[in-house]
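# Working through the structure, step by step
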Amino acid sequence: MALPRPASLSPTKVTTFKDCALAFRLSNIDRIPEASTLAAVKGTIVHRALQLLFAEEDPADRTLGAALARLERAVPEVLSDAENADLELDEGSLAALVADAEVLVRHAFELEDPRGVRVIGTELRLSVQLGSLRLTGIIDRLDLDEDGGLVVTDYKTGRAPSTGYEQARLAGVHFYALLCEELLGVRPARIQLLHLREPVVISTVPTDQSLEAWRRQTTAVWSAVERACDNEDFRPRPGRMCGYCSYHPYCPAVGGDLSLLPRVAVPA
Ligand code: SF4
């Protein structure tokens, strides 16, 4: 029996499908919730604090103090989200999480002076139809550079990639550049990843070639997803992602049982 197709593809979904088709199916078709992790929750808190800073403060008032005040607000807001209800934090681990989130917010100020950033919007949800494929994505921040060109900015709270893998890690941001060009009719002048851990900025200029490569790759992934749905054939691909995967109970590659799956839910 064919499985329902997911309603859209995002950079995360493309990466998940390429890493492991079964994990993609469980997340996006069966809609099995993934367990919260400290790293993911910390990332959400830092994103939220920086979003509040840029959305609420006038440029001249975007100080480190203002950012840390937003961080204080972001912590209970994110932790009280139902999605994170399964995360058990004792006093010590909560303090460590907040302290590390503060380090990341401080690092953001080492990478740029937020008072000089010309922000157009934060957490922008973009969606565009390309044939039978709907592309969706959330841009952390869209700015204007000194010449009036668009700059797509993505915050990263994990480790920066080693030399040689930088372009691969920029792939998701190329996806956002493609969304901007399709939706707004304007190609971003620059796309950048702000790696807050190191801290380091990795940036690139989108070109005809880079956007066409992304368009081709995304279309190919979508065709593969359609075929996998039609044939109900999403195979596990054991690898380094298994260590972070929530789906062990259902995954035959690690001793799980796919027949334990609940009925297929409405696709995302
Ligand atoms: S445990 Fe590994 S192989 Fe199985 S679904 Fe998760 S990532 Fe895929």
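Attention here is on the structure that accompanies the text. Only a predicted model underlies this, so the values are computations on that prediction, with no experimental measurement involved.

Turning our eyes to something else, we now look at the pairing of strand β4 (residues 190-195). For β4, the tally of buried residues reaches five of six residues, placing the bulk of the element in the interior. Pairing analysis gives six bridges linking strand β3 (residues 150-156) to β4, with the strands arranged parallel. Residue pairing in the sheet places K156 in a bridge with H195 of β4. Pairing of β4 with strand β5 (residues 200-204) involves five bridges; the strand directions are antiparallel. By the bridge assignment, Q192 is partnered in β5 with S203. Hairpin remark: β4 followed by β5, antiparallel, with four residues in the connecting loop.

Close to the ligand lie 14 residues, the nearest being C20, P236, C242, C245 and C251. The residue makeup of the shell around the ligand, split by class, is twelve nonpolar, one polar and one charged.

The amide bond that connects E198 to the next residue, P199, takes the cis arrangement and shows omega of -10°. Within the secondary structure layout, P199 lies in the loop between β4 and β5. Even without a glycine there, the phi angle at E232 is positive, about 45°.

Before going further, it helps to spend a moment on the packing of helix α1 (residues 11-19) against helix α8 (residues 208-231). Packing of α1 against α8 brings their axes to within 11 Å, and their N-to-C directions diverge by 60°. Taken together, the axes of α1 and α8 lie oblique to each other. Where α1 crosses over α8, the handedness of that crossing is left-handed. On the side of α1, the interface is formed by V14, F17 and K18, while α8 contributes T218, V221 and V225. A breakdown of the residues in the contact of α1 with α8 according to their chemical character gives four nonpolar, one polar and one charged.

With that settled, the discussion passes to the environment of E56. Note on placement: E56 falls in helix α3 (residues 38-56). Spatially, the C-alpha atoms of E56 and N28 are 33 Å apart, while their sequence positions differ by 28 residues.

What counts and what doesn't
Residues numbered from 1 in each chain as written. Predicted model: local features only at pLDDT ≥ 70, side-chain atom pairs only at ≥ 80, totals over all residues. Buried ≥ 20, exposed ≤ 12 C-beta atoms within 10 Å, placed from the backbone. Helix = DSSP H or I, 4+ residues; strand = E, 2+ residues; numbered from the N terminus. Pairing = 2+ DSSP bridges. Near = placed C-beta within 6 Å. Nonpolar A, V, L, I, M, F, W, Y, C, P; charged D, E, K, R; others polar. Axes fitted to C-alpha atoms, helices over the stretch in contact; angles between N-to-C directions. Parallel < 35°, antiparallel > 145°, perpendicular 65-115°, else oblique. Left-handed = near helix turned anticlockwise from the far one by under 90°. Contact = placed C-beta atoms within 7 Å.

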